[in-house]
Amino acid sequence: MQTRPLLDPKVVLQLRDLSFVARSVVNGFVAGQHKSRHRGTSVDFAEHRPYSLGDDIRRIDWRLFARTDRYFVKQFEADSNASFLIVLDISRSMHYGSAGVTKLDYARGLAACLAYLASSQKDRVGLMMFDSEVREFIPPRGGRFEDVVRALSAIPEPQGAGTLAPPLGMAAEASRRAGIVVLLSDLYEEPEAAVEAIRALQYRGSEVVVLHILDPAERTFPFNDVATFEDLETGELVPADPVRIRAEYQSLVEKHIATLRDKLGRDRVQHVLMDTSMPIEIALRHFLRDRGGSART
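Residues numbered from 1 in each chain as written. Predicted model: local features only at pLDDT ≥ 70, side-chain atom pairs only at ≥ 80, totals over all residues. Heavy atoms only, no water.

Chemist: Would you mind showing me how to read the overall build of the protein here?
Modeler: What the protein contains, in helices and strands, is 10 helices and 10 strands. Among the 297 residues that make up the protein, the fraction classed as buried is 45%. Intrachain contacts of the protein at a sequence separation of at least 6 include 75% that bridge at least 24 residues. Surface accessibility of the protein: about 15200 Å² in total, with carbon and sulfur atoms responsible for 52%. (Helix = DSSP H or I, 4+ residues; strand = E, 2+ residues; numbered from the N terminus. Buried < 20%, exposed > 50% of the residue type's maximum accessible area, 1.4 Å probe, protein only. Contact = heavy atoms within 4.5 Å. Areas by Shrake-Rupley, 256 points an atom, 1.4 Å probe, with all protein chains shown as cover.)

Below, the structure is given as structure tokens:
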């Protein structure tokens, strides 16, 4: 059987219609269905569906039956899966890209795919975007996919360096129900501070997933000429000889990643490292595979 070639992020993210990108990517592979730990009865009516053998007859809408002479079952928002809140870092450092795709473009493409996947499974989808403060917030509701895509397509210019604690604290307070919270960020912060900020997202019992977005050059430091490097968060200029410091730099970056993974793991927060050169389909598979394992645990 012939398989469809994976889409290069540089190609797929050149398409500015994120709704089309999300549908194309998600429909291109069998994602399976994620299962929520949070189920129950809700007063938030979602939709009707035709009655099927085995359905609870208490869910039949008898008023609709009187009008149509057909059996329909009421579905409520909690009958789907959990609330699904996407928290996207849009700070200055996320605008870096060494090979045609910035971390921010990759993250928002991935966010659009996750929103489409969640909404297609009847999740309540929401979005929060932040740098040093919250720039946009769409509370999780049913039928919000197009609103989320429009927001992702019009990301405001960052106003300052990214700071995790205040925005994530606001995200925690705004999450009225336990659900799934997915943070997409390069975690450009000290591990201890990052972990403490992320811990707030578990405030109401939500399952937290961190998608750690990095550019390949940030791990390999492939530069050869002596140059002045700019810290995108602070604007600080640092002259350096890449050849001389490469090994030390790589060691520090890998230690940073390992520390985050270890500390988040202790808090039962799923950490998924994602390289912007990775096809988005593969990134989604990693997310779903690891999230499933986390849920079983």
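Read on for the rest.
Chemist: Is there a simple way to think about the sheet that holds strand 10 (residues 270-275) in this case?
Modeler: Two strands in a sheet stick together by hydrogen bonds in their backbones, pointing the same way (parallel) or opposite ways (antiparallel). If you walk across this open sheet you meet the six strands as 5-4-3-6-7-10, and the pairing is mixed. Single-partner strands in this sheet number two, and they are strand 5 (134-141) and strand 10. Mean inter-strand twist for the sheet, computed between neighbouring axes without regard to direction, equals 15°. Along the sheet, helix 5 (residues 145-153) makes contact with strand 3 (83-89), strand 4 (124-130) and strand 5, crossing strand 4 at roughly 15°. Against the sheet, helix 6 (residues 165-174) makes contact with strand 3, strand 4, strand 5 and strand 6 (179-185), and its axis sits at roughly 155° relative to strand 4, the strand it touches most. (Pairing = 2+ DSSP bridges. Axes fitted to C-alpha atoms, helices over the stretch in contact; angles between N-to-C directions.)

Chemist: Explain the packing of aromatic side chains to me, please; I cannot follow it from the model alone.
Modeler: Each aromatic ring pair is summarised here by two numbers: the centre-to-centre distance and the angle between the ring planes. Here the structure, examined in full by the defined rule, presents eight aromatic pairs. Taking the centre distance of 5.4 Å and the plane angle of 55° together, the rings of tyrosine 116 and phenylalanine 145 count as tilted. One end of the pair, tyrosine 116, is in helix 4 (residues 103-120); the other, phenylalanine 145, is in helix 5, and 29 residues separate them in sequence. Comparing tyrosine 116 with phenylalanine 145 shows no difference in burial state: the two are buried. Look at phenylalanine 221 and phenylalanine 229: their rings are 5.4 Å apart centre to centre, the planes differ by 40°, and that puts the pair in the tilted class. (Phe/Tyr/Trp six-rings, centres within 6.5 Å; stacked < 30°, edge-to-face > 60°.)

Chemist: What's the story with the packing of helix 4 against helix 5 in this structure? I'm lost.
Modeler: Each pair of packed helices gets described by two things: the angle between the helix axes and the distance between those axes. For the pair helix 4 and helix 5, interaxial distance at closest approach is 10 Å and the crossing angle is 175°. With respect to each other, helix 4 and helix 5 are oriented roughly antiparallel. From helix 4, Arg108, Ala111, Ala112, Ala115, Tyr116 and Ser119 reach across to helix 5, where they touch Phe145, Val148, Leu152 and Ser153. (Parallel < 35°, antiparallel > 145°, perpendicular 65-115°, else oblique.)

Chemist: Teacher, can you tell me more about the environment of arginine 177 here?
Modeler: Tracing the backbone through its elements, the reader meets arginine 177 in the loop between helix 6 and strand 6. Between the C-alpha atom of arginine 177 and that of alanine 82, which follows or precedes it by 95 residues, the distance is 8.6 Å.

Chemist: Just to check I follow, could you spell out the pairing of strand 6 for this structure?
Modeler: Along any regular strand, the residues point their side chains to alternate faces of the sheet. With seven of its seven residues buried, strand 6 lies for the most part within the structure. By the bridge criterion, six bridges tie strand 3 to strand 6 in an arrangement that is parallel. Bridge pairing in strand 6 links serine 83 to glycine 179. Sheet topology note: the strand 6/strand 7 (residues 207-214) ladder contains six bridges and is parallel. Across the sheet, residue serine 185 finds its bridge partner in strand 7, namely histidine 212. Traced from strand 6 through helix 7 (residues 191-199) to strand 7, the parallel crossover comes out right-handed. (Right-handed = clockwise from strand over helix to strand, strands pointing away.)

Chemist: Please explain the side chain of serine 185 as it appears in this structure.
Modeler: Topologically, serine 185 is positioned in strand 6. A residue is classified by how much of its surface remains accessible, and serine 185, at 0% relative accessible area, is buried. Of note is the side chain of serine 185, whose polar atom sits 2.8 Å from the side chain of aspartate 89. Not counting residues within four places of it along the chain, the set of residues in contact with serine 185 comprises Asp89, Met94, Leu164, Leu211, His212 and Ile213. (Polar contact = N/O pair within 3.5 Å; in protein donor to acceptor, adjacent residues only side chain to side chain.)

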